[in-house]
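Residue-level structure breakdown
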Protein chains: 4
Amino acid sequence: MIEFRVEVGTGVPPYRQLVDQVERALRLGHLHVGDRLPTVKEVARRLVINPNTVLKAYRELEHKGLAKGRPGLGTFIERGLDGLPAEQQAELRADLEKWLATAYRAGMDSDGIAALVATVLHEFRPEEN
Amino acid sequence: MIEFRVEVGTGVPPYRQLVDQVERALRLGHLHVGDRLPTVKEVARRLVINPNTVLKAYRELEHKGLAKGRPGLGTFIERGLDGLPAEQQAELRADLEKWLATAYRAGMDSDGIAALVATVLHEFRPEEN
Amino acid sequence: MIEFRVEVGTGVPPYRQLVDQVERALRLGHLHVGDRLPTVKEVARRLVINPNTVLKAYRELEHKGLAKGRPGLGTFIERGLDGLPAEQQAELRADLEKWLATAYRAGMDSDGIAALVATVLHEFRPEEN
Amino acid sequence: MIEFRVEVGTGVPPYRQLVDQVERALRLGHLHVGDRLPTVKEVARRLVINPNTVLKAYRELEHKGLAKGRPGLGTFIERGLDGLPAEQQAELRADLEKWLATAYRAGMDSDGIAALVATVLHEFRPEEN
DNA sequence: GTGGTCTAGACCACT
DNA sequence: GTGGTCTAGACCACT
């Protein structure tokens with residue numbers, strides 16, 4: 001079962017963070033078609049946010065065709081998001097973790113790392129738009 | 001001179017994106033004390049956003065002590081954000097770029113990469129909260 | 001400017017009625033790309049419903065790609081729904097109005113007419129599914 | 001025996017759709033006093049909905065005095081809803097079907113037709129409110 | 001119990 | 001002023 005978390009102070013609205021986390025989990029193969037998301041009320045209780053906020057996230061997922069709420073039953077994953085095969089992904093991930101460890105060892109803090117990552121990611125992206 | 005950009009649809013308010021970009025540039029050593037930021041009008045015109053939005057970002061930077069507006073002259077960087085020495089950073093950056101290139105070559109798209117990066121970054125962070 | 005109305009007691013949720021009315025107006029050529037919908041607050045005030053309910057309808061239209069909210073400006077039609085040319089539609093409409101008048105003259109009330117219409121419409125539809 | 005159907009995605013709750021269908025059938029003379037409705041179980045099985053939903057519809061019909069459940073026997077129509085004599089209704093219906101056929105032939109799809117019909121019906125109604 | 005709709009009202013971002 | 005997010009809480013439909 002996916003474990004949601006919400007970070008305040010990022011400027012990203014909480015409902016949006018939940019949507020992003022489900023999308024990420026689908027891409028990484030941590031969630032699959034048919035999986036059940038935690039109930040609206042449970043997420044609201046655990047993250048100490050309003051049930052309507054969770055509902056909004058789930059409705060957004062529904063609009064994207066990724067999940068579907070079934071009253072009385074729960075909310076279920078309807079469609080996956082293709083990514084690489086698990087093995088290839090695991091390899092890339094291991095390499096990235098090595099890089100991260102090196103960066104921390106070199107004395108960077110996570111804000112600095114985030115800044116570096118964001119910059120590099122952005123510089124590679126524009127060509128895709 | 002820093003080149004701002006605004007991505008709509010991310011949920012992050014534009015003024016906040018501008019602030020974040022200045023902070024990142026400071027951390028990476030792309031902006032230094034005394035540097036002048038582009039004028040409010042110029043940013044507004046180039047990004048096609050309201051001048052008040054830019055003004056809000058610059059005011060936020062003032063509140064953080066990072067920049068200072070001098071009427072008639074422009075807005076200037078007041079304080080830097082320490083990061084690693086340029087050389088060490090360049091090395092880490094080169095490694096990260098290599099990783100990125102590998103990921104793209106393996107067939108990942110930028111959303112997939114963003115998902116992987118976000119996940120790995122988050123897993124290393126919790127200890128800081 | 002479209003004139004919304006909400007009928008209670010039909011079982012159709014109000015936000016849904018608003019969405020349906022916009023779609024109908026688009027099909028009939030009463031609304032066009034670029035047209036501005038009445039503001040959330042105005043609709044809420046006139047229909048004596050909550051602004052959030054109107055907002056929900058507008059968001060639904062946005063998800064369907066039919067409208068787009070622009071903070072500070074209003075909500076605008078983004079895409080039309082093709083229908084017949086106005087003239088052909090006007091002709092069909094005139095014929096339908098004649099039929100309706102005949103039905104009323106024969107002594108049917110609007111519930112009876114609605115029942116007849118719903119039944120006939122349903123019997124012609126199934127083949128399309 | 002009446003043939004129920006439930007359309008999802010219309011916003012109208014299923015139990016309400018069942019009630020409406022019985023009322024329509026009564027108005028059109030397709031159901032008469034003493035007729036037996038299909039059993040709750042049968043309807044639930046055929047429409048793949050929960051028996052409680054069907055039960056709720058039947059109870060609603062009882063409240064309206066239109067039907068009456070007789071334990072062990074079934075649910076029976078108690079009262080009709082007056083409409084026009086069958087012949088007059090058949091004539092009106094034939095005319096409406098001709099109109100419908102013309103509309104389809106002209107190239108309208110059922111959503112377009114539904115939009116036109118709803119609009120015309122509403123414009124004739126206001127005087128009743 | 002589970003998702004869905006709605007209200008009332010606060011507060012924010014953008015024009 | 002205009003749309004957008006969130007909270008708190010009531011009530012409904014479905015399982």
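Residues numbered from 1 in each chain as written. Chains lettered and ligands numbered in written order. Predicted model: local features only at pLDDT ≥ 70, side-chain atom pairs only at ≥ 80, totals over all residues. Heavy atoms only, no water.

1. A short note on the overall build of chain A
Our working rule: To qualify as a helix, a DSSP run of H or I must reach at least 4 residues; to qualify as a strand, a run of E must reach at least 2; elements of each kind are numbered from the N terminus. Burial classification: accessible surface area is computed with a 1.4 Å probe over protein chains only, and a residue below 20% of its type maximum counts as buried, one above 50% as exposed, and the rest as partly exposed.
A tally of helices and strands in chain A yields 5 helices and 3 strands. Ordered by position from N to C terminus, the α and β elements of chain A give α-β-α-α-β-β-α-α. For chain A, the spread of C-alpha atoms along the principal axes amounts to about 50 × 35 × 30 Å. Looking at chain A as a whole, 41% of its 129 residues are labelled buried.

2. Quick word on the layout of surface pockets
Short version of the rule: Both site types are read off a 1 Å grid over the protein atoms alone. A 1.4 Å probe that fits but cannot get out defines a cavity, while an open set with protein on both sides within 12 Å along at least five of seven lines defines a pocket; lining residues have an atom within 4 Å of a point. Grid points are joined across faces, edges and corners, and a volume is the space filled by probe spheres set on the points. Each residue gets one label: Ala, Val, Leu, Ile, Met, Phe, Trp, Tyr, Cys and Pro are nonpolar, Asp, Glu, Lys and Arg are charged, and the others, such as Gly, are polar.
Space inside the second largest pocket adds up to approximately 1,900 Å³. Taken together, 45 residues line the second largest pocket, and the ones lying closest to its centre are Val-12 and Ala-118 of chain A together with Val-12, Arg-24 and Ala-118 of chain B. Elements represented by at least two residues in the lining of the second largest pocket include exactly helix 1 (14–27) and helix 5 (110–124) of chain A together with helix 1 (14–27) and helix 5 (110–124) of chain B. In terms of residue count, the dominant contributor to the lining of the second largest pocket is helix 5 of chain A (8 residues). Classifying every residue of the lining of the second largest pocket gives 14 nonpolar, 12 polar and 19 charged.

3. Section: the protein's contact with DNA strand F
We apply this condition: Here a residue is near a molecule or strand as soon as one of its heavy atoms is found within 4 Å of it. Definition of a polar contact: a pair of N or O atoms within 3.5 Å, with one able to donate and the other able to accept a hydrogen when the atoms are protein atoms, and with sequence-neighbouring residues admitted only if both atoms are side-chain atoms.
Taken together, 31 residues sit near DNA strand F, with Pro-14, Asn-50, Asn-52 and Thr-53 of chain A together with Pro-14 of chain D positioned nearest. Counting only atoms of DNA strand F within 4 Å of the protein, the sugar-phosphate share comes to 71%. A distance of 3.4 Å separates a phosphate oxygen of DNA strand F from a polar side-chain atom of Thr-53 of chain D. Lys-56 of chain D is positioned with one of its side-chain polar atoms (N or O) 2.7 Å from a phosphate oxygen of DNA strand F. For the surface near DNA strand F, the element with the most residues is helix 3 (residues 51–63) of chain C, which contributes 4 residues. Its residues placed into classes, the surface near DNA strand F shows 12 nonpolar, 13 polar and 6 charged.

4. Details of empty space enclosed by the protein
Taken as a whole and assessed by the stated rule, the structure comprises 1 cavity of 30 Å³ or more. Lys-56, Arg-59, Glu-60 and His-63 of chain A together with Lys-56, Arg-59, Glu-60 and His-63 of chain C are the residues that line the largest cavity. Broken down by secondary-structure element, the contributors of at least two residues to the lining of the largest cavity are helix 3 (51–63) of chain A together with helix 3 of chain C. For the lining of the largest cavity, a count of residues per class yields no nonpolar, 2 polar and 6 charged.

5. Considerations on unusual backbone geometry
Its identity is not glycine, yet Val-48 of chain C carries a phi of approximately 55 degrees, on the positive side. Structurally, the position occupied by Val-48 of chain C is in the loop between helix 2 (40–47) and helix 3.

6. What to know about the domain arrangement of chain A
Where interface size is given, it is often the accessible area lost as the parts come together that is meant. Applied cut-off: Each domain's limits were defined by an automated method or a database of domain assignments.
For chain A, the domain assignment lists domain 1 (14–77) and domain 2 (86–123). Taking the mean C-alpha position of each, domain 1 of chain A and domain 2 of chain A sit 27 Å from one another.

7. A closer look at the protein's contact with DNA strand E
For DNA strand E, the set of nearby residues contains 30 residues, the closest of which are Pro-14 of chain B together with Pro-14, Asn-50, Asn-52 and Thr-53 of chain C. In this structure, Tyr-15 of chain B approaches DNA strand E through a side-chain N or O atom, which is 3.1 Å from a phosphate oxygen. At 2.4 Å from a phosphate oxygen of DNA strand E is found a side-chain nitrogen or oxygen belonging to Thr-53 of chain C. Only helix 2 (40–47), helix 3 and strand 3 (74–77) of chain A, helix 1 and helix 3 (51–63) of chain B together with helix 1 (14–27) and helix 3 of chain C provide two or more residues apiece to the surface near DNA strand E. Here the element with the most residues in the surface near DNA strand E is helix 3 of chain A; it accounts for 4 residues. Residues of the surface near DNA strand E, tallied by class, amount to 12 nonpolar, 13 polar and 5 charged.

8. Some details on the interface of chain A and chain B
The cut-off we apply is this: By definition in these notes, contact holds between two residues if any of their heavy atoms fall within 4.5 Å. By buried area we mean how much accessible surface two parts lose on assembly, using a 1.4 Å probe and totalling the loss over both. The salt bridge definition used is simple: a Lys or Arg side-chain nitrogen within 4 Å of an Asp or Glu carboxyl oxygen.
Contact with chain A, which involves 44 residues of that partner, is made by 45 residues of chain B. Of the roughly 4,300 Å² buried between chain A and chain B on both sides combined, carbon and sulfur atoms contribute 66%. Taken as a group, Leu-92, Leu-96 and Phe-124 of chain A account for 13% of the area that chain A buries against chain B, more than any other trio of residues on that side. Counting across the chain A and chain B interface gives 4 salt bridges. Here Glu-123 of chain A ties to Arg-93 of chain B by a salt bridge, and the two come within 2.8 Å at their closest N and O atoms. At the boundary of chain A with chain B, the tally comes to 10 residue pairs in polar contact (both at pLDDT 80 or more).

9. Things to note about the relation of the copies chain C and chain A
Counted only if it meets this: Fitting of the copies onto one another was done by least squares over C-alpha atoms, counting residues only where both copies have pLDDT of at least 70.
Structural alignment of chain C on chain A gives an RMSD of 0.0 Å, achieved by rotating through 180 degrees and translating 0.0 Å along the axis. What we have between these two chains is a two-fold relation. The position closest to the rotation axis in chain C is occupied by the C-alpha of His-63 of chain C, lying 3.5 Å away. Of the residues that chain C buries at the interface, 100% are likewise interface residues in chain A, meaning the two copies contact each other through the same surface.

10. Considering the pairing of strand 2 (residues 67–70) of chain A
Two faces, one strand: in a regular strand the side chains alternate between the faces of the sheet. All names here are of chain A. Put simply, the rule reads: Any two strands with at least two DSSP bridges between them are considered paired.
Pairing of strand 2 with strand 3 involves 4 bridges; the strand directions are antiparallel. Bridging from a neighbouring strand, Lys-68 pairs with Phe-76 of strand 3. In this structure, the hairpin formed by strand 2 and strand 3 is closed by a connection of 3 residues, where Gly-72 is found at a positive phi of approximately 90 degrees.

11. Digging into the packing of aromatic side chains
To be explicit about the condition: Only centres within 6.5 Å qualify two rings of Phe, Tyr or Trp (six-membered ring in Trp) as a pair; their planes then separate them into stacked at under 30 degrees, edge-to-face at over 60, and tilted for everything else. Whether a charge sits over a ring depends on NZ of Lys or CZ of Arg being within 6 Å of the ring centre and within 35 degrees of the ring normal.
Scanning the entire structure with this criterion turns up 0 aromatic pairs over all chains. If you follow Arg-70 of chain A out to its NZ or CZ, it ends over the ring of Phe-76 of chain A, 4.7 Å from the centre.

12. With respect to the sheet that holds strand 1 (residues 36–37) of chain B
Residue and element names in this part refer to chain B. Rule in force here: Note on geometry: axes are C-alpha line fits, over the in-contact stretch for helices, and angles between N-to-C directions span 0 to 180 degrees.
With antiparallel pairing, 3 strands are arranged side by side in an open sheet as 1-3-2. Every other strand in the sheet has two partners, leaving strand 1 and strand 2 (67–70) as the edge strands with one partner each. Contacts between helix 3 and the sheet are confined to strand 1, strand 2 and strand 3 (74–77), with strand 2 contributing the most and set at about 120 degrees to the helix.

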